[in-house]
Amino acid sequence: MSRMTGGEVLVRCLLKEGVRYVFGVPGAQLLPLTDAIFRNRERGIDFIHNRHEQASAHMADAWARVTGQPGICAGTVGPGATDLVPGVAVAYVESIPIVVLTAQTQSWRAYPSHGSTQECDQLGLFSSITKWNAVVNSWDRICELVRQAFRVALSGRPGPVHLDLPADVLFQTGEIEEDAFLEPYQYRAVDGPGADPALVEKAVELLLSAQAPLIHAGGGVLRAGAWNEVRELAEYLGALVTPTVGSRGVVPDDHPQVFKPSGYGAIGAQCGADVVLAVGARFGELDCWGQPPFWCGREGQKIIQVDRAAEMIGVNTPVELGIVGDARIVLRQIVDLVKRSTGPRKASQLLTECRATEETWMSEFEELAGSDKEPIHPLRLIKEARDFFPRDSIVCVDGGNIAVWASYLMHIYEPRSFMWAGDMGHLGVGLPYALAAKLACPEKQVFIIHGDGSFMFMNQELETARRHELRIVDIIANDQAYGMIKQGQLVACEGRVIGVDFYDTRCDKMAESMGCYGERVEKPEQIRPALQRAVDSGLPAVLDVLVDKEPALNPPDFVTLVDLWLQGCEM
Amino acid sequence: MARLRFLGAEYMEEALKRTRENSEYQQASEGFDDTLAFVVEPEPDKGIDERRTVGTILPQATEYWMDDRPVTFTFLAPYSVYVDIMTGKLDAVRAITKGALKLKGPMPKILRYVKGTNLWMDTLRTIPTQFEGDFADRSFG
Ligand SMILES: Cc1ncc(C[n+]2csc(CCOP(=O)(O)OP(=O)(O)O)c2C)c(N)n1
């Protein structure tokens, strides 16, 4: 039996879940939590303080993306909690499991409000951007509610959960037995579920009847750690593979059967495949809803959809067969049955055709990427970064046009090594994502391809980087504008632009002021040496690269994207 | 040169001639070697009463036909969409990806020849073109 504060009980529960970091900004009401973290550091947990809580939520999100384990963020009552909101919303939209902890004013004067300083309805605030949330209304319920938080965050379609912790509950002390802290397997499913064998049989029957099968792998594959199964099945069946934007790297980009999301090769594959096995993918907007003209449509294509969450089956496009189950386990079931039923198959003619299409499509970008012109072409910048960093680097993308350019030209070779909040499209995630990735994988190089607009949303986190010696390289494509929006205005408003241009800001000098390495780059041949100097500096580094404003305004397929985003909205 | 009725016999003769003579297009479309048909859906309320089909083989452009013989690619759209494409208001590939111009046939191949497609459109846009029905005032050249 030990005597503990509520904060310490909470920390001991987190330790059982293997939590290593809580990201946040401290506050008076959070004191028992931060102090308990301090006193439990030798058990392997620590507090990483940010310069804005939004960054804490983004770091928790990125931690989950890179490690597969839920990330934890914390904010104090009122402003601390409200500052977390944008980051939690991104994780919610992108189905990333994070646990959000907020301090609340004392339980006897919250819900309803009595006018305490900073008090606000945090339960209401987070309810629409979390899968579940609750007020921890007594010291006795801390363990139970933390267990529920992890149970919900990780079950079905993963996502954020939120615990609102009244100060009196955190400060209260009580006696607790060591065995009150359960192991995760004692209170939540740590694996599965698998699929009904009859459904697996049906799926295999469909796959084996296909002339040109396609595996469409979504974020669920990354969350479930199912990339080996995807690859094994694809290679055995000769199937084409189209990862979604959020699951780049499930199969390396240089694998002969894989196609880049939204590329012409992928669109060709999605239109030409007669059977599609969609795993952990909901066919959202960036997947063109799984509908013609970017997909074949029901007449010529049968879709098998595997998802952990029953409510995702057929939500955007009709399916032939829906299977509810964990991506890794269901794929393993499918692979095993396929191997028992048939020998390895050769890839279809569709693969050859789509490969040729992809190569033609990419060749134009590669040509631009070789440009020696000044000012620097954005594609040249991306190519230099791509060629400089090792294969297992982690790439974070954050911006408008530059993000689109980067998603096309960057090659991603490993699972969980490409981070882009593509579904939420939230500017500012880049630096916090990179910092969490570097914390999780200190042995890997981590770099960001940043727009100058998006860099400015979270640049204060360079100080966090310096303080924790997180040696990331932040590469800013500086076009002195919100380029993507400027381009949209030029197209839609007959040349009128408003609210999109910037003063020439020295991002490199900002970095230097926070103890980081900074350099401005203006010529294409300077990029590579500058990258080398950035890495050699032994510091977090910012390269402020002036790019040509004209091409920066015209990324490939811009109009196609605009058509998708503004479908049904014409000026 | 007088304007030629869009997709009429004279128009098609001229289109094939200019297609064969455009070396840049021929180079960009090398290896395409396939048959296509353009189906124009009627829009009676805009003075376009009949369904029309025109087919050809590209990039050879050696012949055209106006019947429903089997082809590898069929493009299908109302007359107004073709007018938008020919007048440059709508990019041809964008018309496909928007779903305005419906395509039956292997998409990968079409996407591989996007450059060729755009150059072909440019070629056709050099022909003085007469549109029909309510679209007459959008004729050009
Ligand atoms: C938080 C947030 N605010 C506004 C937007 C709308 N938005 C989308 S792209 C963009 C411009 C991005 O500019 P920058 O990061 O410099 O990249 P560029 O387009 O210039 O390459 C804006 C403002 C957004 N996506 N996220």
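Whatever comes next refers back to the structure up there.
Because the structure is a prediction, the values reported are computed rather than measured.

## Some details on empty space enclosed by the protein
All names here are of chain B. Per the counting criterion, the structure on display carries five cavities of 30 Å³ or more. Each pocket or cavity is described by its volume, and for the largest cavity that value is around 370 Å³. Taken together, 29 residues form the lining of the largest cavity, with Leu36, Phe38, Leu58, Trp120 and Met121 sitting closest to its centre. Looking at the lining of the largest cavity, the elements that each hand over two or more residues are helix H1 (9–21), strand E2 (34–41), strand E3 (52–58), helix H3 (79–86), helix H4 (92–98) and helix H6 (114–124). Here the lining of the largest cavity takes five residues from H6, the largest share from any one element. Grouping the amino acids of the lining of the largest cavity by side-chain chemistry returns 24 nonpolar, five polar and no charged.

## Some details on the environment of proline 344 of chain A
Along the polypeptide, proline 344 of chain A turns up in the loop between helix H12 (327–341) and helix H13 (349–369). Distance from proline 344 of chain A to methionine 312 of chain A, taken between C-alpha atoms, is 31 Å for residues 32 residues apart in sequence.

## Some words on the sheet that holds strand E6 (residues 102–104) of chain B
Backbone hydrogen bonds are what pair the strands of a sheet, in a parallel or an antiparallel way. Residues and elements named next belong to chain B. One open sheet holds the five strands; their spatial order is E4-E3-E2-E5-E6, and the pairing between them is mixed. Two strands in the sheet have a free side with no partner beyond their single neighbour: strand E4 (64–65) and E6. Each of E2, E3 and strand E5 (73–78) touches H3; the most contacted strand, E5, lies at about 100° to it.

## So, the packing of aromatic side chains
Summed over all chains, the structure comprises 22 aromatic pairs over all chains. Between phenylalanine 23 of chain A and tryptophan 63 of chain A the ring centres are 6.4 Å apart and the planes differ by 55°, which places this aromatic pair in the tilted class. With phenylalanine 23 of chain A in strand E2 (residues 21–24) and tryptophan 63 of chain A in helix H3 (residues 53–67), this pair connects stretches of sequence that are 40 residues apart. Since its relative accessible area comes to 0%, phenylalanine 23 of chain A is described here as buried. In this structure tryptophan 63 of chain A comes out as buried when scored by relative accessible area, which is 7%. Pairing phenylalanine 6 of chain B with tyrosine 11 of chain B gives two aromatic rings, centres 5.4 Å apart and planes at 80°, and the pair type is edge-to-face. Owing to a relative accessible area of 1%, tyrosine 11 of chain B belongs among the buried residues under this scheme. Chaining the aromatic ring pairs together yields one cluster made of Phe6, Tyr11, Tyr79, Tyr82, Phe131, Phe135 and Phe140 of chain B. Geometry around tyrosine 413 of chain A places arginine 391 of chain A over its ring, the cationic atom sitting 3.9 Å from the centre. The cationic tip of lysine 109 of chain B hangs over the ring face of phenylalanine 32 of chain B; the distance from NZ or CZ to the ring centre is 5.0 Å.

So, how was this worked out
- Residues numbered from 1 in each chain as written.
- Chains lettered and ligands numbered in written order.
- Predicted model: local features only at pLDDT ≥ 70, side-chain atom pairs only at ≥ 80, totals over all residues.
- Heavy atoms only, no water.
- 1 Å grid on protein atoms, 1.4 Å probe; cavity = no way out; pocket = protein on both sides within 12 Å on 5 of 7 lines; lining within 4 Å.
- Points joined across faces, edges and corners; volume = space filled by probe spheres on them.
- Helix = DSSP H or I, 4+ residues; strand = E, 2+ residues; numbered from the N terminus.
- Nonpolar A, V, L, I, M, F, W, Y, C, P; charged D, E, K, R; others polar.
- Pairing = 2+ DSSP bridges.
- Contact = heavy atoms within 4.5 Å.
- Axes fitted to C-alpha atoms, helices over the stretch in contact; angles between N-to-C directions.
- Phe/Tyr/Trp six-rings, centres within 6.5 Å; stacked < 30°, edge-to-face > 60°.
- Buried < 20%, exposed > 50% of the residue type's maximum accessible area, 1.4 Å probe, protein only.
- Lys NZ or Arg CZ within 6 Å of the ring centre and 35° of its normal.

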